[in-house]
Amino acid sequence: MKIGIGLWCLQSTATAPRSFTQAYQDLLNDAQLAEEVGVHSLWLSEHHGYYDGYCPALLPAAAAALSVTTTLQVGTGVLLLPLQDPTRVRLATAELNARFDNRFHLGTGMGYRPSEFDAMDLAMADRVKRMNVGLDVLAVDPPGKLWVGVTSPAAARRAGRRGLGLFISGAFSKAVVDSLIAAHREAWEEADRPGVTQPPVGLLRNLWLANGAVDHRQALDWVRSSYLVYAGLGWGANDTGVDFVAQVEQSMDEVEASAIVGTAEQVADELSQYDVDLVVCRVGYDEPPRSALTTVVERIGTELVPLLSDAGRTEVLA
Amino acid sequence: MRLGLDLRNMPPSAVIDRAIEADQLGLWAVLVGGIQGTENLAIAQLAVMTDHVHLAVWLSGNLLHPVALAEEIAVTDHLSQRRALAVIDGDETVTEHVRHLLSGHIVNGVALSPPPAQTAVPVWSANDLSCVLLTGDLDRDRDTIDSYRDQGHTHLFVSWPGPLRTLARHLATRAATANFPQITADHADVIAP
């Protein structure tokens, strides 16, 4: 099982205001740190026109992170494919992989904010159609490692039947995660196993390494508060019990319940129960001080990565 | 007049080497292109590999929505710490749209977020940008530079076949002022070749 870190959104939030330019310089430093301590990958996330500058252009940001590293993988978790010309995304993915030793992972998602479609003069009602067209453009002779971000079984099947990797959103219960994985695999098998090799499964997980009750509580509070961003964005996932708009506090309780916080051994024990090839540790919260973030990245690399290096299908993302 | 180095016709590895050298020699800007839709990837790479040189990107205005174009430029402006410049090759309305967004205006209800690091990123129409192919023959190239400078151009991008030190020593200096003392460049060739 590979261990990555995410999500780097490069924001300046109401909770933690900062210079945007500093946020981008921090990305470069964090990428170098992640590589140094043995983390597999760093994942970026996209939104448009949000008050906090949530990164709207992942491809140049990824190019910069790849430029300052030599072995770290960098991924988009996720790039909003219906907002883009898929041919252009395909070209850019190929270009990034050519420039940087195939270290770029393209994770795609559908988007859910009407204002983002309006800004690009697109109809949000067309997003499923545009997503399917985009995935079809990417899936033929893929220009790199491709993932599809999912919050529903339908989306998991969309990825599976094309032989694309599954990238599961971060706040779901294990039962929901398992059902998404099953839908992905069934669709892959029903489609006569495109790509021959079973496509990888990645899991974004709210996570923190903490020793002792005080640090444990602190980490859970950071996880909770970070979801204010999603309440503001209007994110809600159908059929998964998480709706940050209608019931913010209840939703945060559910996020807290699904978060994995503990010692490296405790976190490894829990993660090893998931049938996945990649875990992206979501530690890019806006509230923790930088020292806490860099410490947890170091600990993930030096403590958690060794504990899980033999778990799962180790050859899939080798 | 400021002199920038036009690298659009060079292979990617040469672009990086020349841009780093231009940065070290204090040239004002480099101009980079690329496959349509991927131009800002090279700019992002150069943003973290250089410190001072401005990074001008030659963008097709036909492939991306103006908001998406402006967003990419804003991100490269942060990555480069206020060194982004943009040239839009396309419909003038697209150029205006991008220019307004990168100047902090709300256009069609959309405000750029994040805004660029600069108060406003310079955005030029490709039709308005002066680019010239220099020959490497200093006698001829001096006349070319003098001509553009004396016409009142504020900046000029040049393709240059020779060593960048020669461009920086003989022509970027000459572009800067009408009374450049040529003896300083000529003597520098002797004492610091």
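These numbers were taken from a predicted model, which means no experiment stands behind them.

Looking now at the overall build of chain B. Assigned secondary structure in chain B consists of 7 helices and 7 strands. Starting at the N terminus, the α and β elements of chain B follow one another as β-α-β-α-β-α-β-α-β-β-α-β-α-α. Relative to a compact globule of 193 residues, whose C-alpha radius of gyration would be 16 Å, chain B shows 17 Å and is just as compact. The dimensions of chain B, computed from C-alpha atoms along their principal axes, are 60 × 35 × 25 Å.

Residues and elements named next belong to chain A. Note that V316 resides in the segment after α12 (290–308). Between the C-alpha atom of V316 and that of A268, which follows or precedes it by 48 residues, the distance is 19 Å. Here V316 is in contact with P200 and D277, once residues within four sequence places are set aside.

This next bit is on the packing of helix α2 (residues 58–67) of chain A against helix α3 (residues 66–79) of chain B. At a minimum axis distance of 8 Å, the contact between α2(A) and α3(B) shows a crossing angle of 25 degrees. For the element pair α2(A) / α3(B), the angle class is roughly parallel. Contacts between α2(A) and α3(B) involve P60(A), A61(A) and A64(A) from the former and E72(B), V75(B), T76(B) and L79(B) from the latter. Partitioning the contact of α2(A) with α3(B) into residue classes produces 5 nonpolar, 1 polar and 1 charged.

On the side of chain A, 29 residues touch chain B, which itself brings 27 residues to the contact. Those elements giving two or more residues to the side of chain B that touches chain A turn out to be α2 (39–49) and α3 of chain B. Of the residues contributing to the side of chain B that touches chain A, the split by class is 16 nonpolar, 9 polar and 2 charged.

Time to look at the sheet that holds strand β2 (residues 29–32) of chain B. Residues and elements named next belong to chain B. Taken together, the 7 strands give an open sheet; going across it, the order is β5-β4-β3-β2-β1-β7-β6, and neighbouring strands pair in parallel fashion. Looking at the sheet topology across the chains shown, the edges are occupied by β5 (123–125) and β6 (131–133). Between one strand and the next, the sheet's axes are offset by a mean angle of 30 degrees, whatever the strand orientation. Both β2 and strand β3 (residues 54–60) contribute to a ladder of 4 bridges, which runs parallel. What sits directly across from A29, in β3, is H54.

Cut-offs used in this document
- Residues numbered from 1 in each chain as written.
- Chains lettered and ligands numbered in written order.
- Predicted model: local features only at pLDDT ≥ 70, side-chain atom pairs only at ≥ 80, totals over all residues.
- Helix = DSSP H or I, 4+ residues; strand = E, 2+ residues; numbered from the N terminus.
- Rg over C-alpha atoms; globule rule 2.2 N^0.38 Å.
- Contact = placed C-beta atoms within 7 Å.
- Axes fitted to C-alpha atoms, helices over the stretch in contact; angles between N-to-C directions.
- Parallel < 35°, antiparallel > 145°, perpendicular 65-115°, else oblique.
- Nonpolar A, V, L, I, M, F, W, Y, C, P; charged D, E, K, R; others polar.
- Pairing = 2+ DSSP bridges.

On their own, these measurements won't tell you what the molecule is for.
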